[in-house]
Every structure is written in C-alpha cells, then in structure tokens.
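Architecture and fold: a report
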Amino acid sequence: GEDVEQSLFLSVREGDSSVINCTYTDSSSTYLYWYKQEPGAGLQLLTYIFSNMDMKQDQRLTVLLNKKDKHLSLRIADTQTGDSAIYFCAEIDNAGNMLTFGGGTRLMVKP
Amino acid sequence: NAGVTQTPKFQVLKTGQSMTLQCAQDMNHNSMYWYRQDPGMGLRLIYYSASEGTTDKGEVPNGYNVSRLNKREFSLRLESAAPSQTSVYFCASSVSARTSGRNEQYFGPGTRLTVT
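In short, a report on the structure.

Rules behind the numbers
Residues numbered from 1 in each chain as written. Chains lettered and ligands numbered in written order. Predicted model: local features only at pLDDT ≥ 70, side-chain atom pairs only at ≥ 80, totals over all residues. Heavy atoms only, no water. Helix = DSSP H or I, 4+ residues; strand = E, 2+ residues; numbered from the N terminus. Rg over C-alpha atoms; globule rule 2.2 N^0.38 Å. Buried < 20%, exposed > 50% of the residue type's maximum accessible area, 1.4 Å probe, protein only. Contact = heavy atoms within 4.5 Å. Lys, Arg positive; Asp, Glu negative; His and termini not counted. Charge placed at Lys NZ, Arg CZ, Asp CG, Glu CD. 1 Å grid on protein atoms, 1.4 Å probe; cavity = no way out; pocket = protein on both sides within 12 Å on 5 of 7 lines; lining within 4 Å. Points joined across faces, edges and corners; volume = space filled by probe spheres on them. Nonpolar A, V, L, I, M, F, W, Y, C, P; charged D, E, K, R; others polar. Buried area = accessible area lost by both parts, 1.4 Å probe. Salt bridge = Lys/Arg side-chain N within 4 Å of Asp/Glu carboxyl O. Polar contact = N/O pair within 3.5 Å; in protein donor to acceptor, adjacent residues only side chain to side chain. Pairing = 2+ DSSP bridges. Axes fitted to C-alpha atoms, helices over the stretch in contact; angles between N-to-C directions. Patch = residues over 30% accessible without salt bridge, like charges linked within 9 Å, V, L, I, M, F, W, Y side chains within 5 Å. Areas by Shrake-Rupley, 256 points an atom, 1.4 Å probe, with all protein chains shown as cover. Disulfide = S-S within 2.5 Å.

1. Considerations on the overall build of chain B
Helix and strand content of chain B: zero helices and eleven strands. Put simply, chain B runs from its N terminus to its C terminus through helices and strands in the order β-β-β-β-β-β-β-β-β-β-β. Relative to the 2.2 N^0.38 estimate, which gives 13 Å for 116 residues, the radius of gyration of chain B is 13 Å and therefore close to what a compact globule would have. Considered along the principal axes of its C-alpha atoms, chain B spans approximately 40 × 25 × 25 Å. Counting the 116 residues in chain B, one finds 49% classified as buried. Long-range pairs, those at least 24 residues apart, make up 57% of the contacts in chain B between residues at least 6 apart in sequence. Distance from the positive charge centre (12 side chains) to the negative charge centre (8 side chains) of chain B: 4 Å.

2. Here's the deal with the layout of surface pockets
Size it by volume and the largest pocket reaches roughly 620 Å³. Lining the largest pocket are 28 residues, with Gln37(A), Gly40(A), Ile86(A), Gln37(B) and Arg112(B) sitting closest to its centre. Mapped onto the lining of the largest pocket, the elements with two or more residues apiece are strand E9 (85-92) and strand E11 (105-110) of chain A together with strand E9 (87-94) and strand E11 (111-115) of chain B. Of the residues in the lining of the largest pocket, the class split is 14 nonpolar, nine polar and five charged. Of the voids in this model, the second largest pocket is the one considered here, and its volume is about 270 Å³. Of all elements in the fold, only strand E1 (4-6) and strand E10 (99-101) of chain A together with strand E5 (43-49) of chain B reach the threshold of two or more residues within the lining of the second largest pocket.

3. A look at the interface of chain B and chain A
Contacts between the two partners involve 24 residues from chain B, matched on the other side by 20 residues from chain A. In total, about 1700 Å² of surface goes out of reach between chain B and chain A, with carbon and sulfur atoms giving 56% of it. If you look at where chain B meets chain A, you find zero salt bridges. At the boundary of chain B and chain A, one finds two residue pairs in polar contact (both at pLDDT 80 or more). Within the residue set of the side of chain B that touches chain A, elements represented by two or more residues are strand E4 (31-37), E5 and strand E10 (105-107) of chain B. A breakdown of the residues in the side of chain B that touches chain A according to their chemical character gives ten nonpolar, ten polar and four charged.

4. Examining the sheet that holds strand E8 (residues 74-78) of chain B
Residues and elements named next belong to chain B. One open sheet holds the four strands; their spatial order is E1-E3-E8-E7, and the pairing between them is antiparallel. Only two strands of the sheet have a single neighbouring strand rather than two, namely strand E1 (4-7) and strand E7 (65-68). Strand after strand, the sheet turns through a mean of 15 degrees between neighbouring axes, direction not considered. Bridge count between E1 and strand E3 (residues 19-25): four bridges; the pairing is antiparallel. Counted as the bridge partner of Val-4 is Gln-25 from E3.

5. Examining a nonpolar patch on the surface
Where nonpolar side chains cluster on the molecular surface, the patch consists of Leu8(A), Phe9(A) and Met108(A) and spans about 320 Å² of accessible area. Residue classification places Phe9(A) among the partly exposed residues on the basis of a relative accessible area of 46%.

6. Re the state of the cysteines
Residue and element names in this part refer to chain A. For the structure shown, the criterion picks out two disulfides over all chains. Across the disulfide from Cys-22 sits Cys-89; the S-S distance is 1.9 Å. Across the S-S bond linking Cys-22 and Cys-89, the dihedral sits near 70 degrees, which makes this disulfide right-handed. Separated by 67 residues along the polypeptide, Cys-22 in strand E3 (residues 18-24) and Cys-89 in strand E9 bring together distant segments of the chain.

Following this line, the structure appears as structure tokens:
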C-alpha cells in the first residue's frame, strides 16, 4: 500500500531557508500536496504539484519533485516565526478518492 | 462563508458510550471525508462520501459508522467508544472525488476526543 514518510522535526533561525523533505511510494499519484497545521487548528492547503512537473514556485514556497526517487520537498524562503507549524505532505490515489498523509514535520523557527 | 464546521470541539467519553460527531460545509462541495489524527501518524481516512447518498470505507473504518445526511452534512458515529479511539477527528470536503482533478480538500478545526 501507499506509504508517505517525513522527518519529525526541523529547527531553523528566522530569515533562513527551511527545507522539508518527504518520500512517497505510489508512483501513480497525479498530485502531491503540502499542508500546514497550526496549533489547535485543522489543515490548510499550502501548495500542490502535478506529477508531470519538476518544480513549482509560489511566492516564498518552492516545491521540488523527483519522480525517479519518489522524493518531494518544500522549501520556505526567508522563514518567519509565523511559519512555525506542522507540515504534512500527502499523495492522492489514482482514483482521486483518498489522500495518504505523511506523519508531519514540526518546523520550529527561532527568532 | 464558514467553510467546514465541526461540533463539538472537545468530548470526553467513558468506554462503551456512544456519540456522534457532526460536520457541515457551506461550499457546495460534493465530497466529504472523516480523518483521525494520532501523534506521529499523520491523518488516516476513516470514511468518505464521494457524493450525497454514497459512503465508502477508508483506511481505518472499524468501530465507526457514517451518515451523509444531505449535501452539507456528514456525521461520524462511535457506537461503543474504546480508548483506542482517543484521537483528534477532522472533517474535510472537496469539490468532487473520483475526478482527474486535484481534489483539493478543505479541513474543519477538529474534534478532540478522549475515551477513558
């Protein structure tokens, strides 16, 4: 079955870049997603990438996709304290029904 | 436009008690979902409803039932709560599942359930 893995924790200083990594197993996924969860809140879609793309940039966010290695990354430029949250990557099944989430990476931004 | 709303926000149950978690969306979405979130495990899909009148099992359906009451509302019922069901439950909705599109899901704020 599908499995999505992420490292548990990342700490950076304010103003630095953050890179959050994810590996997935379902090569038939059409879309891959990054969600952000702030304390006590639900998940908010940050960005997504279509599987035929290598890179997508959206303001401070850059998503890189390496399909050969089944590796997805999220780069946050000029990281701010407001970026402190848990970040989840997710893939969708071929039928478009089910999202499979990674365990989440807790990003801590130090002032 | 409230998006996805869930009630209650918090609940404590004793083992064996039953309860229903409520979810409603006002975005005219066709598809709705129930997830549970446990530490270090991300979110796991319990049940989903691709459209009004249909429901399907997700990854972890045992111990739960769902009702798609109408297009707006999708409830999750625990008939006999167990400590293993202690978790945070999230409802989500999307325009439509079973499409070739990106099926962007919008999440509610969650219900924190403790079973003692």
